[in-house]
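Chain and residue survey
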Amino acid sequence: MRFSDIIGQPAVKDRLRRMASGGRMPHALLLIGPEGSGKLSLSMAFAQYVLCPEKDEADACGRCPSCIKAGKLIHPDLHFSYPTVGSKITSETFLPQWRSAIAENPYLNANEWLQQIGAENKQGNITKEECVNIIRKLSLKTFESNHKVLIMWLPEYLGKEGNRLLKLIEEPPEQTLFVLVAERQELILNTILSRCQIVNVRALSDEAIQEGLVQRGLSEVQAAGIGYLANGNYNEALKLAQHNENDHAQLFLQWMRNGYQGKPVKMVKWSEDFAGQGRENQKHFLQYALHFLREITLLIAAGPEVKVRLQNQELESAKKMAGVMDLDQAEQLMNLFSDCIFAVERNANPKVLFLDASIQMNHILKRKQPDTYKGLSAQRLY
């Protein structure tokens, strides 16, 4: 992958090119930014640029054997590390799936990747064995290029195992480059952060996403609408281009209906059904719920005419919810969903967790309703 293949991010591309061509390349680099901003693609373009013997000031050549191998993720001096499932699993176990997933969509998120490798109810992690394998691989000499490059996607999944890599990151073998690609800085060990040069990658502009979608064959009108809804996330834009409605929308609206109605049988059934979706899917769904509530707060605060990043069906439901909620209730629901994410990450019993959350949701929604909406049925509200 070359810099020219990546939409947007001109400032980050320029900075990475200067690092690679200026003779003062850091040995450890951390690209950090929101989901769908292209940071993984940027890391791979940077690695290809470093490894290319025929690069110019702007980009890797894209034609030499090194570029061809790097583009296919088979270059012997380009290594990858990423979350997997299982207690003693290394990234190499899933290397064929990784190559296939990146070829299909280099903007994918962690949940999509983990489901591709069969995570189901398991949480992703970067294991002790993976760290040991990294140390072993990087102790070897280069095969074809002047550098070895390791790209670690989502070092947040290292946890305390990251301590095993501290010495290697601080004093790597000669001509070895670490590129860490992260989304949540607060989950990375401070001792790792202090050893890296940080490059902030911002969310993509609506215009950049629109340009990328037009290149994929969408009309400018379609691309403009999706670019706005995607909120800087190109991965979300690609999904919106394929589906009219978000996969989580109907499930979330059903949960809100149940919470508003407060019928025990429906709440129990929803919680039991949702408990079987697996923890990674549950976390991703709750993150969508937080996004939905943030847009509702805009509607409550600024009125129904304000532009929000929701699709048509979602927007109509959000406007109805905004009519029967106040900012305090919206804030309580966001706190509730955040607490649920925390509990899911710590292996809480999902049936108990989501039934309890449904009951709390009912208490929050019924605490106070505007007089003009009293007596309306949940079916009319949603």
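Above this text sits the structure in question.
Residues numbered from 1 in each chain as written. Predicted model: local features only at pLDDT ≥ 70, side-chain atom pairs only at ≥ 80, totals over all residues. Heavy atoms only, no water.

**Comments concerning the overall build of the chain**
Helix and strand counts for the chain stand at 18 helices and five strands. For 382 residues, the compact-globule estimate of 2.2 N^0.38 gives 21 Å, and the chain sits close to it at 23 Å. On the principal axes, the C-alpha backbone points of the chain span a range of 75 × 45 × 35 Å. Counting across all 382 residues of the chain, residues that qualify as buried make up 52%. Here the contacts in the chain between residues at least 6 apart in sequence split such that 76% fall between residues at least 24 apart. Here the chain has roughly 18100 Å² of accessible surface; of this, 49% comes from carbon and sulfur atoms. Charged side chains in the chain number 45 positive and 43 negative. The centres of these two groups are separated by 3 Å. (Helix = DSSP H or I, 4+ residues; strand = E, 2+ residues; numbered from the N terminus. Rg over C-alpha atoms; globule rule 2.2 N^0.38 Å. Buried < 20%, exposed > 50% of the residue type's maximum accessible area, 1.4 Å probe, protein only. Contact = heavy atoms within 4.5 Å. Areas by Shrake-Rupley, 256 points an atom, 1.4 Å probe, with all protein chains shown as cover. Lys, Arg positive; Asp, Glu negative; His and termini not counted. Charge placed at Lys NZ, Arg CZ, Asp CG, Glu CD.)

**Observations concerning the packing of helix α12 (residues 249–261) against helix α13 (residues 264–275)**
Two elements in contact, α12 and α13, have axes whose closest approach is 9 Å; the angle formed by their N-to-C orientations is 150 degrees. In terms of axis orientation, α12 runs roughly antiparallel to α13. Note on packing geometry: the crossing formed by α12 with α13 is left-handed. Here L251, Q254, W255, N258 and Q261 of α12 lie close against α13, whose contacting residues are K266, M267, W270 and F274. (Axes fitted to C-alpha atoms, helices over the stretch in contact; angles between N-to-C directions. Parallel < 35°, antiparallel > 145°, perpendicular 65-115°, else oblique. Left-handed = near helix turned anticlockwise from the far one by under 90°.)

**Overview of the pattern of salt bridges**
Here the structure, examined in full by the defined rule, presents 15 salt bridges. Note that K239 and E236 form a salt bridge whose closest N and O atoms lie 3.6 Å from each other. Of the two residues, K239 and E236 both sit in helix α11 (residues 234–242), three residues apart, roughly one turn of that helix. Residue K239 is classed as partly exposed on the basis of its relative accessible area, which comes to 24%. Each of R184, E186, E345 and R346 takes part in a single network of salt bridges with overlapping partners. (Salt bridge = Lys/Arg side-chain N within 4 Å of Asp/Glu carboxyl O.)

**Notes on the packing of aromatic side chains**
One pass over the full model with this rule turns up 21 aromatic pairs. Plain terms: the ring middles of Y82 and W98 are 4.3 Å apart, the flat faces sit at 15 degrees to each other, and that makes the pair stacked. With Y82 in the loop between β2 (78–81) and α4 (95–104) and W98 in helix α4, this pair connects stretches of sequence that are 16 residues apart. Assigned by exposure class, Y82 and W98 land together as buried. Their ring planes at 50 degrees and their centres at 4.9 Å tell us that F252 and F292 sit as a pair that is tilted. Within this pair, whereas F252 is found in helix α12, its partner F292 is found in helix α14 (residues 279–302), the two being separated by 40 residues in sequence. (Phe/Tyr/Trp six-rings, centres within 6.5 Å; stacked < 30°, edge-to-face > 60°.)

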